[in-house]
Amino acid sequence: QVQLVESGGGLVQPGGSLRLSCAASGSTSMINSMGWYRQAPGKERELVAVIHVSGNTRYADSVKGRFTISREKLMNAVYLRMNSVRPEDTAVYYCNARQAWGEHWGQGTQVTVST
């Protein structure tokens, strides 16, 4: 199985920036995509951004132009640069990795945007 560990969450002021990191370990062969999802209280988990092994990316409309996803070439780490954050970005952010035969999740890291 694949283990995913997120880091970089915390408290940030509106308009500020934050960088999340996710390190993958274990049976990491054939990971074809990695991504970030988030879940706020009372809301369903939603896609934030995903990056394919090819480098192609996809973003939620709400973060497009503000967040940037990137990855290591070997697909053993993925990052999320969060710029111009807003209070509505407050959520638990989860790292995700996909293989053809399964999907893996990290434990999540809390991001709180507040003055």
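Whatever comes next refers back to the structure up there.
Just so it is clear, the structure is predicted and the values come from calculations on it, not from any experiment.

## Concerning the nonpolar core
Then comes step 1: Of all hydrophobic cores here, the largest spans 30 residues; its most connected members are M34, W36, L80, M82 and Y93.
Then comes step 2: Secondary-structure elements contributing two or more residues to this core are strand 1 (2–7), strand 3 (18–26), strand 4 (33–39), strand 5 (46–52), strand 7 (67–71), strand 8 (77–82), strand 9 (91–99) and strand 11 (109–113).
Then comes step 3: Sequence-distant contacts of M82, defined by excluding residues within four places in its chain, comprise G16, S17, L18, L20, R66, F67, Y93 and V111.

## With respect to the environment of H104
Then comes step 1: Tracing the backbone shows H104 in strand 10 (residues 102–105).
Then comes step 2: Note: C-alpha distance between H104 and A24 (80 residues apart in sequence) is 9.8 Å.

## A closer look at the sheet that holds strand 3
Then comes step 1: Taking strand neighbours across the sheet as the criterion, the four strands line up as 1-3-8-7 in an open arrangement whose pairing is antiparallel. The open sheet terminates on both sides in strands that have one partner only, identified here as strand 1 and strand 7. Each strand of the sheet is rotated relative to its neighbour by a mean of 15°, with strand direction disregarded.
Then comes step 2: Across six bridges, the pairing between strand 3 and strand 8 is antiparallel. Residue pairing across strands places R19 opposite R81, the latter belonging to strand 8.

## A word on unusual backbone geometry
Then comes step 1: Positive phi, normally seen in glycine, also occurs at M30, with a value near 65°.
Then comes step 2: Topologically, M30 is positioned in the loop between strand 3 and strand 4.

## Considering the pairing of strand 7
Then comes step 1: Alignment of strand 7 against strand 8, held across five bridges, turns out to be antiparallel. Bridging across to strand 8, T68 finds its partner in R81.
Then comes step 2: Here strand 7 folds back onto strand 8, and the loop between the two strands holds five residues, one of which, M75, carries a positive phi near 60°.

## Focus on the side chain of N96
Then comes step 1: Position of N96 relative to the elements: it lies in strand 9.
Then comes step 2: Only 3.4 Å separates the side chain of N96 from the backbone oxygen of H104, close enough to count as a polar contact.
Then comes step 3: Look past the residues within four positions of N96 in its chain and what remains in contact with it is L4, S33, M34, G35, Y37, E103, H104 and W105.

## Considerations on the pattern of salt bridges
Then comes step 1: Scanning the entire structure with this criterion turns up four salt bridges.
Then comes step 2: One salt bridge in this structure joins E46 and R38, with 2.8 Å as the shortest N-O distance.
Then comes step 3: E46 sits in the partly exposed class, given a relative accessible area of 34%.
Then comes step 4: With relative accessibility at 6%, the residue R38 sits in the buried group.
Then comes step 5: Taking the shortest distance from any N to any O, the salt bridge between R66 and D89 comes out at 2.9 Å. In this pair, R66 sits in the loop between strand 6 (57–59) and strand 7 while D89 sits in the loop between strand 8 and strand 9, placing the two residues 23 residues apart along the sequence.
Then comes step 6: Three or more residues are tied together by salt bridges with common partners; here these are R38, E46, R66 and D89.

The rules behind the values
- Residues numbered from 1 in each chain as written.
- Predicted model: local features only at pLDDT ≥ 70, side-chain atom pairs only at ≥ 80, totals over all residues.
- Heavy atoms only, no water.
- Core = buried A, V, L, I, M, F, W, Y, C linked by side-chain atoms within 4.5 Å.
- Buried < 20%, exposed > 50% of the residue type's maximum accessible area, 1.4 Å probe, protein only.
- Helix = DSSP H or I, 4+ residues; strand = E, 2+ residues; numbered from the N terminus.
- Contact = heavy atoms within 4.5 Å.
- Pairing = 2+ DSSP bridges.
- Axes fitted to C-alpha atoms, helices over the stretch in contact; angles between N-to-C directions.
- Polar contact = N/O pair within 3.5 Å; in protein donor to acceptor, adjacent residues only side chain to side chain.
- Salt bridge = Lys/Arg side-chain N within 4 Å of Asp/Glu carboxyl O.

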